[in-house]
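Examining the three-dimensional arrangement
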Amino acid sequence: MKVSVIGAGTMGSGIAQVFAMSGYETTLIDIFPEAVKKGKANIEKSLAKLSEKGSINSTPDKILGLIKFSSSYDDLKGSQLVVEAAFERLDVKKDILAKVSSNVSSGTIIGSNTSSISISLLSSFVKEPENFIGMHFFNPPPIMKLVEIVNGNRTSEMTRNKISEISRQLGKEPVIVNDYPGFVSNRVLMPMLREAIVCLEEGIGSVEDIDKTIKLGLNHPMGPLTLCDFIGNDVVYDIMEVLFREFGDPHYKPPVLLRNMVYAGKLGRKSGEGFYKY
Ligand code: CAA
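Note that this is a predicted model, so its numbers are computed, not measured.

Either a parallel or an antiparallel arrangement is found when strands of a sheet pair, and the pairing is made through backbone hydrogen bonds. Pairing in this open sheet of eight strands is mixed, and the strands run 3-2-1-4-5-6-7-8 from one edge to the other. Pairing within the sheet leaves two strands with one partner each, and these edge strands are strand 3 (67-70) and strand 8 (173-178). Strand-to-strand twist of the sheet, defined as the mean angle between neighbouring strand axes without regard to direction, takes the value 25°. Packed on one face of the sheet, helix 6 (residues 157-169) meets strand 4 (81-84), strand 5 (109-112), strand 6 (132-136), strand 7 (146-151) and strand 8 and runs near 25° to strand 6.

Next up on the list: the site of the ligand. Lining the immediate surroundings of the ligand are 19 residues, of which Ser46, Lys53, His136, Asn139 and Asn186 lie closest. Here a nitrogen atom of the ligand and a backbone polar atom of asparagine 139 are 2.8 Å apart. At 2.9 Å, a side-chain N or O of asparagine 186 approaches an oxygen atom of the ligand. When the ligand is considered free in solution it has 1,000 Å² of accessible area, and contact with the protein chains removes 64% of it. Where the shell around the ligand is concerned, the elements lending two or more residues are helix 2 (33-52), helix 7 (185-201) and helix 9 (224-231). For the shell around the ligand, a count of residues per class yields 12 nonpolar, five polar and two charged.

Inspection of the secondary structure assignment puts serine 112 in strand 5. For serine 112, a relative accessible area of 1% translates into the label buried. Looking at serine 112, its side chain comes within polar contact range of the main-chain nitrogen of threonine 114, at 3.1 Å. Setting aside residues up to four positions removed in sequence, serine 112 forms contacts with Glu84, Lys93, Ile119, Leu122, Phe132, Ile133, Gly134, Met135 and His136.

Let us look at the nonpolar core. Counting 30 residues, the largest nonpolar core has Phe19 and Met135 as its most contacted members. Looking at this core, the element that brings in the most residues is helix 1 (residues 10-21), giving six residues. Setting aside residues no more than four positions away along its own chain, methionine 135 makes contact with Phe19, Val83, Ser112, Asn113, Val147, Glu148, Ile163, Ile166, Ser167 and Leu170. The next biggest cluster of nonpolar side chains, apart from the first, holds 21 residues, and it includes Leu193, Leu225, Tyr252 and Leu267.

Taken together, the side chains of Lys45, Lys49, Lys53 and Arg269 define a basic patch exposed on the protein surface. Note on placement: lysine 53 falls in the loop between helix 2 and helix 3 (60-65).

The next subject is the pattern of salt bridges. Inspection of every chain in the model, using the stated rule, returns 10 salt bridges. With a closest N to O distance of 3.8 Å, lysine 37 and glutamate 34 form a salt bridge. In this pair, lysine 37 and glutamate 34 are both assigned in helix 2, three residues apart and thus about one turn of the helix distant. Per residue, the accessibility class of lysine 37 equals that of glutamate 34, and both read exposed. Note that aspartate 238 is salt-bridged to arginine 89, the shortest N-O span being 3.2 Å. Here aspartate 238, found in helix 10 (residues 233-247), pairs with arginine 89, found in the loop between strand 4 and helix 4 (90-103); they are 149 residues apart in sequence, far enough to count as distant. Take arginine 89: its relative accessible area is 42%, and that puts it in the partly exposed class. Where salt bridges share partners, they join Glu84, Glu88 and Lys93 into one cluster.

Turning to the side chain of threonine 108, a few remarks are in order. Relative to the elements of secondary structure, threonine 108 occurs in the loop between helix 4 and strand 5. You can call threonine 108 buried: its relative accessible area is 5%. Separated by 3.2 Å, the side chain of threonine 108 and the backbone oxygen of serine 79 make a polar contact. A distance of 2.7 Å separates the side chain of threonine 108 from the backbone oxygen of serine 105, its partner in a polar contact. If we skip the residues at most four places from it in the chain, threonine 108 touches Ser79, Gln80, Leu81, Val82, Glu128 and Asn131.

Below, the discussion takes up the packing of helix 7 against helix 10. The packing of two helices is summarised by the inter-axis angle and the distance between the axes. Relative to each other, helix 7 and helix 10 sit at 110°, their axes nearing to 10 Å. As far as their axial angle goes, helix 10 and helix 7 are roughly perpendicular. Of the two possible hands of crossing, helix 7 and helix 10 adopt the one that is left-handed. Where helix 7 abuts helix 10, its residues Asn186, Arg187, Met190, Leu193, Arg194 and Ile197 lie against Val236, Ile239, Met240, Leu243 and Phe247.

What counts and what doesn't
Residues numbered from 1 in each chain as written. Predicted model: local features only at pLDDT ≥ 70, side-chain atom pairs only at ≥ 80, totals over all residues. Heavy atoms only, no water. Pairing = 2+ DSSP bridges. Helix = DSSP H or I, 4+ residues; strand = E, 2+ residues; numbered from the N terminus. Axes fitted to C-alpha atoms, helices over the stretch in contact; angles between N-to-C directions. Contact = heavy atoms within 4.5 Å. Near = heavy atom within 4 Å. Polar contact = N/O pair within 3.5 Å; in protein donor to acceptor, adjacent residues only side chain to side chain. Areas by Shrake-Rupley, 256 points an atom, 1.4 Å probe, with all protein chains shown as cover. Nonpolar A, V, L, I, M, F, W, Y, C, P; charged D, E, K, R; others polar. Buried < 20%, exposed > 50% of the residue type's maximum accessible area, 1.4 Å probe, protein only. Core = buried A, V, L, I, M, F, W, Y, C linked by side-chain atoms within 4.5 Å. Patch = residues over 30% accessible without salt bridge, like charges linked within 9 Å, V, L, I, M, F, W, Y side chains within 5 Å. Salt bridge = Lys/Arg side-chain N within 4 Å of Asp/Glu carboxyl O. Lys, Arg positive; Asp, Glu negative; His and termini not counted. Charge placed at Lys NZ, Arg CZ, Asp CG, Glu CD. Parallel < 35°, antiparallel > 145°, perpendicular 65-115°, else oblique. Left-handed = near helix turned anticlockwise from the far one by under 90°.

These values are about where atoms sit, not about what they do.
Structure follows, in structure tokens:
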């Protein structure tokens, strides 16, 4: 089965790596050649780590050899599954999905890695909405076990079953949820991240102490502000905006501090500075 992934950022490159690690012939496409280069470097770094620990049953070179890196939608040809992992912006996804849909043959499943945009809405941009589904991976995709499969209003049972089966083949645990803002993962996570940022804004604690409280007191692998930097503060901001708009609930309202950090380019690990300096 040939798989294509659109978008070579942290998630897209990680998702392409996950497919290749399970032996899928994979194409990673990003219209920006620089992004493709960066995505390839991410995969090389991650494979080197996993190989060092003996947790891949092939060599990094062989896995890398299964991935074609491209900047052209022509390379979608022959794909039976396409996973869209572009920016969390409706206009960007709309444009990409329409292009993908007109470049693949009938019967191709298109999955979106969106973290918050409605799958039913995104499905209206493709020719075969019954073959469209949410396939939400978690950062870092090679490590995190979950795939949150999101059932759109017109997703067929066949598509749902196929994506559950593929997720298991990837060594992941699927959960199937219905199309509701933020699905389950971000609906639950975002208010926690928001409260941590508000605690900082209100001077209740320092960045380090807020993180320490949650990490050691609640036994989370990372403190919430470290997690914001890890996900990307721009991504967190975009997700909160969608949830706030959809629910109208102030628990999702993006804090002004987060907004100002995004405007200032303090996006977290990827930009070298967020709540912490890297
Ligand atoms: N590729 C390969 N290996 C990786 C890796 C990657 N990209 N990232 C981390 N690792 C490995 C490390 O090599 C390390 O391996 P060992 O334990 O065998 O040495 C292991 O993972 C742990 O890494 P670290 O020691 O560097 O750090 P850590 O113990 O803090 O673990 C973590 C890192 C797995 C990311 C852990 O901190 C964690 O689980 N954090 C929470 C992550 C999380 O919540 N992700 C979901 C975010 S939400 C999302 O993605 C969805 C959305 O819609 C926003």
